[in-house]
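Observations on the model geometry
As a plain string of letters, each chain reads:
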Amino acid sequence: MMNSIRRTLLLWLLAGLAAIALATSSVTYLAARREVGELLDLQLKQLAYSTRIDDLLRGQRPGFATRPTPHTSGVTELVTQIWDRDGVLVYWTQPGMGLPVPATQGYATVHHNGRDWRVYTLVEGTHALQVAQPQDERAAIARQTALRTLVPFLALIPFFGALMWVGVGWGLAPLEAMSKAVAKRRPNALEPLDGRRLPDELQPLARNLNELLARLDAALASQRRFTADAAHELRTPLAALTLQLDLARRATDPHDVAVALDDLESGVARASHVVEQLMTLARVEPEAMAQRRTASDLVAIAKDAIVARAALAADKGIDLGLAKATPAIVMGDPTSLGILLSNLLDNALRYTPRAGRIDVTIDADANGAALIVADTGPGIPEEARERVFDRFYRGDDVATTGSGLGLSIVKRIVDAHGASIELGVPAEGNGLVVTVRFARVQEQGFRGP
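This write-up is about the structure you can find in this document. (Residues numbered from 1 in each chain as written. Predicted model: local features only at pLDDT ≥ 70, side-chain atom pairs only at ≥ 80, totals over all residues. Heavy atoms only, no water.)

1. Some points on the sheet that holds strand E3 (residues 106–112)
Taken in spatial order, the 5 strands make up an open sheet running E2-E1-E5-E4-E3, and their pairing is antiparallel. At either margin of the open sheet sits one strand with a lone partner, and together these are strand E2 (89–92) and E3. Pairs of neighbouring strands in the sheet enclose a mean axial angle of 25°, with direction left out of account. Relative to strand E5 (residues 127–134), strand E4 (residues 115–124) runs antiparallel, the two being bridged by 8 bridges. Residue Val 123 lies in a different strand from E5, and its bridge partner there is Ala 128. Packing against the sheet, helix H1 (residues 5–50) makes contact with E3, E4 and E5, and its axis sits at approximately 35° to E4. (Pairing = 2+ DSSP bridges. Helix = DSSP H or I, 4+ residues; strand = E, 2+ residues; numbered from the N terminus. Axes fitted to C-alpha atoms, helices over the stretch in contact; angles between N-to-C directions. Contact = heavy atoms within 4.5 Å.)

Shown next as C-alpha cells:
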C-alpha cells in the first residue's frame, strides 16, 4: 500500500478532531454533573423547606402514605420520609424504601439497595424530614447534556473530512506541480527550478534540488572535459606509435630497426602511463574516499613510497630519503594518500637530475600535520604554479615524458581530504618544495617533535 501524505494528514486531522470532541464532551459532562448536582441540591433543600410536615401527617395512619406528595411527580424520582424523635418512620412516599435514620441536618450521600442517594434532612420540632434523590439520575442528565454536545460534532465529521481533503489537496498542489515540472525535464536540462512562487515549506526542497542540479551539471561538465582531454592526450602517443611502427617496418639496417623499436617501446610505455594515470584519476572519487576514511599513519605511508622507489632513485644516482619523521595520524583514505605521495615522488624523480636529492619530511604540531617533498630539480616558475594542477598541463619543458596528470591527481586527493597544497622554492634557491597541510591531526597520533 502506497503512502499518501494527503491521506495521512486527513487521518491525523480527523483523529485530532475526534480527540477534541471527546475531550470537550468529557469536560461538558463533568461541568454538567457539577452544575446539575448544585442545582438539584438546591431543589432538594427548597423542597424540604416548602413541605409542611404537619400537613403530611394530618389525617394519615402512622407509617403509611395514602397518596404521593406533589413533590414526587416530575422528571426525577424523589423520595420523602419523616421520622419522629424515637427514630420511628412515620411517613414515606415509597413503601419499603427504608433510607437510614438521619444523623444530622443537611446534605448527605448514602448507599442503599445498590444505589447512591443524595439526601437532605430538615429537623422541625419532634420530627425530621428527609428528601432524597438517586445519584444516577443526576449522572443521566449530565450524560444527556454531553451527548447533545458530542452528537452534532460527530455528525459534522464527514463534512469536516471532505473539507480537509480538499484543503490538503490544495495545499499540496505546489508539490505536485514541482514533481510534474521535474518529470517533464529532458536529461540534459539542468537549469535551476524557479522557487519564487513556492510556499515556504517547499523552499528548502527547491534550494536543495537546485544545488544538486548545479553539482550534477558541474560533474557532467567535468566528465565531458575529462573525456575530451583524455582523447586529445591519447591521440598524440597513438599517432606517434603508428609513425614509429611504420618506421620500424621500413627500416632495413639492424641499427635503425633497433632504434625504431626502442622508440616504439618508449611510446608504448608513455601511452600505458597515460592510461594508468587516467584510471587512477577516475578512481579518485571524493565520495569513495570519504567512505574509506580511517586513521592513517603518514610516516608509514612515506616509508612505503620511498622503499618502492629506492631502486629507481639509486639507478639515477638520486639521494631519496626520509629527512624527518614526526609521528602523525590523520583521518583519511590510506590508499589515496599513498597515491598522493607516489605521484609527488614520481614527479620529483622525473625532473631531478642525476646526483640530485629528494627529501621527504613528515612534520606535526598541535594545529595539524604537514607532508613535504623537496627536490633539487629545475622547479616550477611562479606564474605556472597555479596551472600545474590542471589536467594534462606540462608546461614549456617537453624534454621529459609525462602525462600531465600527476599533480592533478594530487590536487584532487588533497581537496577530498580537506587539506591544502603549496608549491615553493627551497631555501637554497634551486628545486621545488611541495607542502601538503592537513588541518587536523588525530589527538592520539600527535606526540610532538
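2. Quick word on empty space enclosed by the protein
Scanning the model with the defined rule gives 1 cavity of 30 Å³ or more in all. Within this model, the largest cavity holds a volume of roughly 40 Å³. Those elements that place two or more of their residues in the lining of the largest cavity are helix H10 (334–351), strand E10 (368–375) and strand E12 (432–438). Among the elements that take part in the lining of the largest cavity, H10 stands out by supplying 3 residues, more than any other. Its residues assigned to classes, the lining of the largest cavity shows 5 nonpolar, 1 polar and 1 charged. (1 Å grid on protein atoms, 1.4 Å probe; cavity = no way out; pocket = protein on both sides within 12 Å on 5 of 7 lines; lining within 4 Å. Points joined across faces, edges and corners; volume = space filled by probe spheres on them. Nonpolar A, V, L, I, M, F, W, Y, C, P; charged D, E, K, R; others polar.)

3. Let's talk about the sheet that holds strand E11 (residues 420–424)
Spatial strand order, E7-E9-E10-E12-E11: 5 strands in an open sheet with mixed pairing. On the outer flanks of this sheet lie strand E7 (319–325) and E11, each paired with one strand and no other. For this sheet, the mean inter-axis angle between neighbouring strands, taken without regard to orientation, is 15°. Against the sheet, helix H8 (residues 298–308) contacts E7, strand E9 (357–365), E10 and E12, and its axis sits at roughly 170° relative to E7. The strands touched by H10 within the sheet are E7, E9, E10 and E12, with E10 carrying the most contacts at an inclination of about 25°.

4. Observations concerning the pairing of E4
Summarising the sheet, E3 and E4 pair through 7 bridges and their orientation is antiparallel. The residue bridging Thr 109 from the neighbouring strand is Arg 118, located in E4. Taking the residues between adjacent antiparallel strands as the criterion, E4 and E5 are bridged by 2 residues, where Gly 125 takes a positive phi near 60°.

5. Considerations on the pattern of salt bridges
In total, this model carries 10 salt bridges according to the counting rule given. The salt bridge involving Asp 41 is made with Arg 118; its shortest N-O contact spans 3.1 Å. Of this pair, Asp 41 sits in helix H1 while Arg 118 sits in strand E4, and the two are 77 residues apart along the sequence. In this pair, the class of Asp 41 matches that of Arg 118, namely buried. Measuring nitrogen to oxygen at the nearest pair gives 3.1 Å for the salt bridge that ties Asp 136 to Arg 115. Highlighted residues: Asp 136 in helix H3 (residues 135–155) and Arg 115 in strand E4, separated in sequence by 21 residues. According to the relative accessible area criterion, Asp 136 is partly exposed, its value standing at 38%. (Salt bridge = Lys/Arg side-chain N within 4 Å of Asp/Glu carboxyl O. Buried < 20%, exposed > 50% of the residue type's maximum accessible area, 1.4 Å probe, protein only.)

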